[in-house]
Amino acid sequence: MYPEENKDLDHYLVRGGAPLVGEVTIGGAKNAALAILAAAIMSDETVTIENMPDVRDTNVLLDAMSCIGVIVDRVDRHTVKINGSHVRNVSIEYELVKKIRASYYLIGALLGKYKEAEVPLQGGCNIGSRPIDQHLKGFRAIGAEVAVRRGEIVAKADKLVGAHVYMDVVTVGATINVMMAACMAEGKTTIENAAKEPHVVDVANFLNSMGANIKGAGTDVIRIRGVERLHSATYSIIPDQIEAGTFMFAAAITNGDILIKNVIPKHLESISAKLIEMGCQIEELDDAVRVRSTGELRATQIKTLPYPGFPTDMQPQAGVTLARAKGTSVIQESIFENRFKYVDEITRMGADIKVEGNTAIINGVSGYTGARVSSPDLRAGAALVLAALSADGVSVIDDIHFIERGYEDFDRKLRELGGTIEKCDADADIQKFTLKTAIV
Ligand code: UD1
């Protein structure tokens, strides 16, 4: 059962005020994992995936894969063996994937391998309209007939043949999906205006480790030469850029000092740059970053952009932190139009933010007071937790099933840094928590 089906376990209680200090280890990247797990079924041999995050989205996808006959063998919490030789059905049931948007990666994987896929459209966070035209355009370009029927994408091809695909917008999902579908197409596929996110590169590296021939991932142009088959591999997923960035902002907002371990500092450069502008000290080590915030935070400007720009998935965490910085900050959200849903919630904690279209004008306040707020989506929910940790008094965060889609043991990791946060079973626990944490 997933947490959203057990509403009683769906709250965090947080007493704010303590700086977060210590070390935290970052897990595997959720968004890379979702694509890599789907891509793993493209081989008939067993593929071992390591450093897999144990979060709801990856678990939902693995369940859906089991249901179409993929053998999913969980070696331990973060290692899974996948064998896609017994896929008996290229049609995925709506009930299996309605909770995750990234189920669309099964289209690229199934179409690429079996030349046929039927996958329902749905799921993910409601952060704005999320068209799939570029995915469909790419599949069609390499020879598939694609239709959207009764809420499903139905794709079919006699054979797939390499082609030129120009992406009208920079899209992570379509870049990865077309890359997967083209892996075993005849001849050469070129994806122009490709997304350059770290997880696009990770998926390409993974496919190459199975014998694919993909060049240029991480640049605007990806070239794929089709191969006949993909073989077994053992692959470790890259660290999660967004989980790491969330803990970086946790240090900033609580005046803390956190060593964030198991990261690729290069992937965090846009986040580090903004924290430096805000007055934090950043130390980059080989596979760790240390973020210290000692004085008052300063206002700055942020515009979300595709990688290497500032990630849209970090915008809410940055927003709640800037709302406590001295001066007026401006955030422009240029990827998804519905990513300011945390603003109404954070206003209840005392923030002064005005949203006009895709721009938030943030007048910094000196502090927050605890309040009962609700997670509007995954990253906005995490941002509200950060705000609550820096607030005066107790906060209740509702709907944490969103947060659990993408953060493994978020509350445990925050507790180990000195945060006072508990997952709560019922409304009755709020009073107990308030009394208990007041004594400490
Ligand atoms: C992925 C991430 C998500 C992140 C986003 C942007 C996963 C599972 N999710 O989402 O966390 O916020 O990248 O970094 O990896 N677009 C089109 N047509 C399309 C596809 C996209 O117009 O066919 C537009 C979208 O509306 C959006 C932009 O392109 O404005 C970027 O979307 P995209 O990169 O595809 O996001 P996702 O892959 O859905």
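Being a predicted model, the structure only gives us computed values, none of them experimental.

A. Highlighting the overall build of the protein. A tally of helices and strands in the protein yields 15 helices and 23 strands. In terms of C-alpha radius of gyration, the protein reaches 22 Å, essentially the compact-globule figure of 22 Å for 440 residues. For the protein, the spread of C-alpha atoms along the principal axes amounts to about 65 × 40 × 40 Å. The long-range share in the protein, meaning contacts at least 24 apart out of those at least 6 apart in sequence, stands at 73%. Carbon and sulfur atoms make up 48% of the accessible area of the protein, which totals about 16,700 Å². The average position of the 48 basic charges and that of the 58 acidic charges among the side chains of the protein differ by 3 Å.

B. Main features of the confidence of the model for the protein. On average, residues of the protein score 93 in pLDDT, and 96% of them are at 70 or above. The low-confidence segment residues 1-6, where pLDDT is below 50, has 13 contacts with residues more than four positions distant or belonging to other chains.

C. Main features of empty space enclosed by the protein. In total, this model carries 2 cavities of 30 Å³ or more according to the counting rule given. If you trace the largest cavity, you find it lined by Gly27, Gly28, Lys30, Pro53, Val55, Asp240, Glu243, Gly406, Tyr407, Glu408 and Lys413. The class makeup of the residues in the lining of the largest cavity is 3 nonpolar, 3 polar and 5 charged. Estimated volume of the second largest cavity: approximately 50 Å³. Taken together, Pro239, Asp240, Gln241, Ala244, Val263, Ile264, His267 and Leu268 make up the lining of the second largest cavity. Of the residues in the lining of the second largest cavity, the class split is 5 nonpolar, 2 polar and 1 charged.

D. Representation of the sheet that holds strand 7 (residues 145-149) within the structure. Taken together, the 3 strands give an open sheet; going across it, the order is 6-8-7, and neighbouring strands pair in antiparallel fashion. Each edge of the open sheet is held by one strand with a lone partner, namely strand 6 (116-120) and strand 7. Taking each pair of neighbouring strands and ignoring which way they run, the sheet shows an average axis angle of 10°. One ladder, built from 5 bridges, connects strand 7 with strand 8 (residues 152-156); its direction is antiparallel. Counted as the bridge partner of Arg149 is Glu152 from strand 8. Across the sheet, helix 4 (residues 105-114) touches strand 6 and strand 8, and the angle it forms with strand 6 is around 165°.

E. Structural view of the side chain of Asn59. If you trace the backbone, Asn59 turns up in helix 2 (residues 56-67). Classification of Asn59 as buried rests on a relative accessible area of 14%.

F. Structural detail: the packing of aromatic side chains. Following the criterion strictly, the structure yields 5 aromatic pairs and no others. Between Phe247 and Phe410 the ring centres are 5.8 Å apart and the planes differ by 75°, which places this aromatic pair in the edge-to-face class. Within this pair, whereas Phe247 is found in helix 8 (residues 241-253), its partner Phe410 is found in helix 14 (residues 410-416), the two being separated by 163 residues in sequence. Each member of the pair, Phe247 as well as Phe410, carries the same accessibility label: buried.

G. Looking closely at the site of the ligand. Looking at the ligand, there are 22 residues lining it, with Asp133, Gln134, Val172, Asp313 and Ile335 nearest. One of the side-chain N or O atoms of Asp313 is found 2.6 Å from an oxygen atom in the ligand. Considered on its own, the ligand offers 740 Å² of accessible surface; in the complex 86% of this is hidden by protein. Judged by the fraction of its atoms near the pocket grid, the ligand is located in the largest pocket. When residues of the shell around the ligand are assigned to their parent elements, the largest contribution, 3 residues, is made by helix 5 (residues 133-141). Of the residues assigned to the shell around the ligand, the class counts are 9 nonpolar, 8 polar and 5 charged.

H. Quick look at helix 8. With 13 residues, helix 8 ought to run about 18 Å at 1.5 Å a step, and its terminal C-alpha atoms sit 18 Å apart, in line with that. A large share of helix 8 lies buried, amounting to 13 of its 13 residues. Capping of helix 8 at its N-terminal end is provided by Asp240; its side-chain oxygen lies 2.9 Å from the backbone amide nitrogen of Ile242. Looking at the residues trailing helix 8, positive phi occurs at Asn255, about 60°.

I. Looking closely at the pairing of strand 12 (residues 222-225). By the alternation rule, side chains of strand 12 split into Ile222 and Ile224, which are all buried, and Arg223 and Arg225, of which none is buried. Direction of pairing for strand 10 (residues 188-192) relative to strand 12: antiparallel, over a ladder of 4 bridges. Each bridged residue has a counterpart across the sheet, and for Thr189 the counterpart in strand 12 is Ile224. Hairpin geometry of strand 11 (residues 213-215) and strand 12 is characterised by an intervening segment of 6 residues between the two adjacent antiparallel strands and by a positive phi of about 95° at Gly216.

J. Main features of the nonpolar core. Counting residues in each nonpolar core, the largest one holds 81 residues, and the members touching the most others are Ile49, Ile82 and Leu207. Here this core takes 9 residues from helix 1 (residues 30-40), the largest share from any one element. Once residues within four sequence positions are removed from consideration, Ile82 is found in contact with Leu37, Ala40, Ile41, Glu45, Thr46, Val47, Ile49, Leu62, Met65, Val70 and Ile71. Of all hydrophobic cores here, the second largest spans 66 residues; its members include Phe310, Phe340, Leu386 and Ile403.

K. Local environment of the side chain of Thr359. Tracing the sequence through the fold places Thr359 in strand 20 (residues 359-363). Leave out the neighbours within four places in its chain, and Thr359 touches Val330, Ile331, Gln332, Phe340 and Lys354.

L. Geometry of the pairing of strand 14 (residues 257-261). Burial within strand 14 is extensive, with 4 of its 5 residues counted as buried. Across 5 bridges, the pairing between strand 2 (residues 21-25) and strand 14 is parallel. Across the sheet, residue Val21 finds its bridge partner in strand 14, namely Asp257. Across 5 bridges, the pairing between strand 14 and strand 16 (residues 288-292) is antiparallel. Directly across from Ile258, in strand 16, lies its bridge partner Val291.

Parameters and conventions
Residues numbered from 1 in each chain as written. Predicted model: local features only at pLDDT ≥ 70, side-chain atom pairs only at ≥ 80, totals over all residues. Heavy atoms only, no water. Helix = DSSP H or I, 4+ residues; strand = E, 2+ residues; numbered from the N terminus. Rg over C-alpha atoms; globule rule 2.2 N^0.38 Å. Contact = heavy atoms within 4.5 Å. Areas by Shrake-Rupley, 256 points an atom, 1.4 Å probe, with all protein chains shown as cover. Lys, Arg positive; Asp, Glu negative; His and termini not counted. Charge placed at Lys NZ, Arg CZ, Asp CG, Glu CD. pLDDT = per-residue confidence, 0-100. 1 Å grid on protein atoms, 1.4 Å probe; cavity = no way out; pocket = protein on both sides within 12 Å on 5 of 7 lines; lining within 4 Å. Points joined across faces, edges and corners; volume = space filled by probe spheres on them. Nonpolar A, V, L, I, M, F, W, Y, C, P; charged D, E, K, R; others polar. Pairing = 2+ DSSP bridges. Axes fitted to C-alpha atoms, helices over the stretch in contact; angles between N-to-C directions. Buried < 20%, exposed > 50% of the residue type's maximum accessible area, 1.4 Å probe, protein only. Phe/Tyr/Trp six-rings, centres within 6.5 Å; stacked < 30°, edge-to-face > 60°. Near = heavy atom within 4 Å. Polar contact = N/O pair within 3.5 Å; in protein donor to acceptor, adjacent residues only side chain to side chain. Sits in = over half its atoms within 2 Å of the grid points. Expected span 1.5 Å × (residues − 1). Core = buried A, V, L, I, M, F, W, Y, C linked by side-chain atoms within 4.5 Å.

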